[in-house]
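Residue strings, one per chain:
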Amino acid sequence: MSSKIKAKISAVGHYLPDYVLTNKELESLVETNDEWIRTRTGISERRILKDPEKASAFMAAEAAKEILEQRGIEAEEIDAIIVATITPDYMFPATACLTQTMIGATNAFGYDLSAACSGFLFALSSGSALIESGQCKKVLVIGSDKMSAITDFTDRTTCILFGDGAAGVLLEPSDDENGIIDHILHSSAVGAESLMQEAGGSRNPATRDTVENKKHYIRQEGRSVFKKATEGMADVSVEIMKKNNLTAEDIQWLVPHQANLRIIDATARRMELNPEKVMINIGKYGNTTAATIPLCLYDWKDRLNKGDNIILAAFGGGYTWGATYLKWAI
Ligand code: UT7
């Protein structure tokens with residue numbers, strides 16, 4: 001028997017703001033319509049964190065509290081917190097540090113991870129490595145994004161897509177064959193110009209010009225990102241299936257990043273998966289960036305069985321893309 005430590009997901013938690021921004025309300029902000037949004041993206045509504053005093057760390061902390069409650073442990077037992085986000089509360093200190101203090105995880109260390117819509121998968125890989133190495137016994141991996149903070153609500157090509165939210169998991173050592181088995185991660189800056197927030201970093205610090213020219217908002221060339229995302233998410237999902245000798249019959253669930261229903265459908269088709277095996281909640285929350293995949297796990301948690309073969313897959317800004325293969329362990 002192998003002595004290698006394997007990480008498992010032992011609890012899931014989430015936070016969604018109360019305010020529901022419907023397609024109908026967006027019709028009053030930009031020239032768009034409910035039918036266009038639903039047929040082109042699959043989105044009907046999304047959540048918005050209205051309170052200006054609250055941001056990604058607050059949402060991550062609320063998700064973390066639910067995870068601790070689900071698992072029945074105290075915050076002091078947590079060894080590490082990784083927050084995947086592209087909307088940190090500040091450039092520094094890290095959102096993970098703020099989250100840590102909000103929940104009272106006084107024995108933990110924390111750091112943020114920036115991989116846009118693939119952020120949760122990249123963070124899951126890092127968190128798993130902390131468990132597998134023996135360095136940590138309990139790691140919180142949370143995706144939290146307040147996308148409304150970087151969304152231009154006069155740009156109809158982006159403001160219809162995104163929503164706010166957070167969700168995450170607790171990782172612990174597995175004591176059986178279930179747990180996180182494999183990751184494939186990719187990145188390339190060939191698409192950097194197609195999907196970015198241009199200002200606010202060290203290349204373009206905030207100036208009157210950056211603010212007036214709306215460079216602190218998301219800018220996306222939808223069509224080119226769509227093409228790359230469709231190829232990338234499907235390719236990496238098929239790649240991880242082949243690497244682990246999995247057929248469509250072996251897989252119980254696909255948990256895809258929720259950017260566009262058409263991208264999700266294309267990935268499921270390439271995997272030859274029955275549509276009933278695909279988690280889809282984009283209609284309710286839109287694209288919450290790093291939170292989409294754990295929000296799906298949260299919504300489906302009562303339908304998952306121990307030993308289920310699950311593929312997580314994502315594509316996003318960077319570009320970044322990847323897939324994870326795990327056996328559900330709860
Ligand atoms: O999560 C990170 C990665 N991001 C993604 O994966 C997003 C990938 N991209 C997409 O999901 C899609 O490209 C969008 C949903 C963003 C856009 O859908 P599309 O089918 O690619 O539309 P398009 O950009 O080709 O635009 C088609 C038409 C254009 O009008 P013309 O030029 O044909 O007259 C747009 O101006 O639709 C127009 N349009 C809209 N019309 C109504 C664009 N946005 C809207 C809108 N309402 N909100």
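Placed above this text is the structure.
The rules behind these values
- All residue numbers refer to positions counted from 1 along the written sequence of the respective chain.
- Only residues with pLDDT of at least 70 get local features here, since the model is predicted, and only at 80 or more are side-chain atom pairs given and counted; chain-wide, interface and lining totals rely on the full set of residues.
- Computation of side-chain values covers all heavy atoms of the structure but excludes hydrogens and water.
- If even one non-hydrogen atom of a residue comes within 4 Å of a molecule or strand, that residue is called near it.
- Polar contacts, as counted here, are pairs of nitrogen or oxygen atoms within 3.5 Å of one another; within protein the pair requires one atom able to donate a hydrogen and one able to accept it, and residues that are adjacent in sequence qualify only if both atoms are side-chain atoms.
- Only DSSP runs of H or I with at least four residues qualify as helices, and only runs of E with at least two residues qualify as strands; both kinds are numbered from the N terminus onward.
- Each residue is assigned to one of three groups, with Ala, Val, Leu, Ile, Met, Phe, Trp, Tyr, Cys and Pro labelled nonpolar, Asp, Glu, Lys and Arg labelled charged, and all others, Gly among them, labelled polar.
- The criterion for strand pairing is that DSSP finds at least two bridges linking the strands in question.
- Lines fitted to the C-alpha atoms define the axes, with helices restricted to the stretch that makes contact. Angles between their N-to-C directions range from 0 to 180 degrees.
- Whether two residues are in contact is decided by their heavy atoms: any pair within 4.5 Å suffices.

Caption draft 1: How the structure looks around the site of the ligand. Every one of the 23 residues lining the ligand counts as a neighbour, but Thr32, Arg40, Arg223, Asn260 and Asn287 are closest to it. The contact in question runs from an oxygen atom of the ligand to an N or O atom on the side chain of Arg223, over 2.6 Å. Taking Arg262, its side chain carries an N or O atom lying 3.0 Å from an oxygen atom of the ligand. At the level of elements, helix H2 (34-41), helix H7 (222-243) and helix H8 (261-270) are the ones that each hand at least two residues to the shell around the ligand. Take the shell around the ligand: its biggest share by element is 5 residues, from H7. For the shell around the ligand, the class distribution of residues is 10 nonpolar, 8 polar and 5 charged.

Caption draft 2: Looking closely at the sheet that holds strand E4 (residues 80-84). Spatial ordering of the open sheet is given by E1-E7-E6-E4-E5, a layout of 5 strands whose pairing is mixed. Unpaired on one side and paired on the other, strand E1 (7-15) and strand E5 (109-113) mark the two borders of the sheet. Geometrically, the sheet is characterised by an average inter-axis angle of 20° between neighbouring strands, direction not taken into account. Looking at chain direction, E1 and strand E7 (residues 164-173) are connected through 8 bridges and run antiparallel.

Caption draft 3: The arrangement of the side chain of Thr320 in detail. With respect to the helices, strands and loops of the structure, Thr320 is situated in strand E13 (residues 320-327). For Thr320, the residues in contact, after removing those within four places along its chain, are Ala115, Ser118, Phe122, His186, Ser187, Ala314 and Phe315.

Caption draft 4: Representation of the sheet that holds strand E12 (residues 309-316). Taking strand neighbours across the sheet as the criterion, the 4 strands line up as E8-E13-E12-E11 in an open arrangement whose pairing is mixed. Two strands close off the open sheet at either side, each with one partner strand: strand E8 (179-187) and strand E11 (253-256). Geometrically, the sheet is characterised by an average inter-axis angle of 15° between neighbouring strands, direction not taken into account. Here E12 runs beside E13; their pairing, made up of 8 bridges, is antiparallel. Paired with Ile310 across the two strands is Leu326, which belongs to E13.

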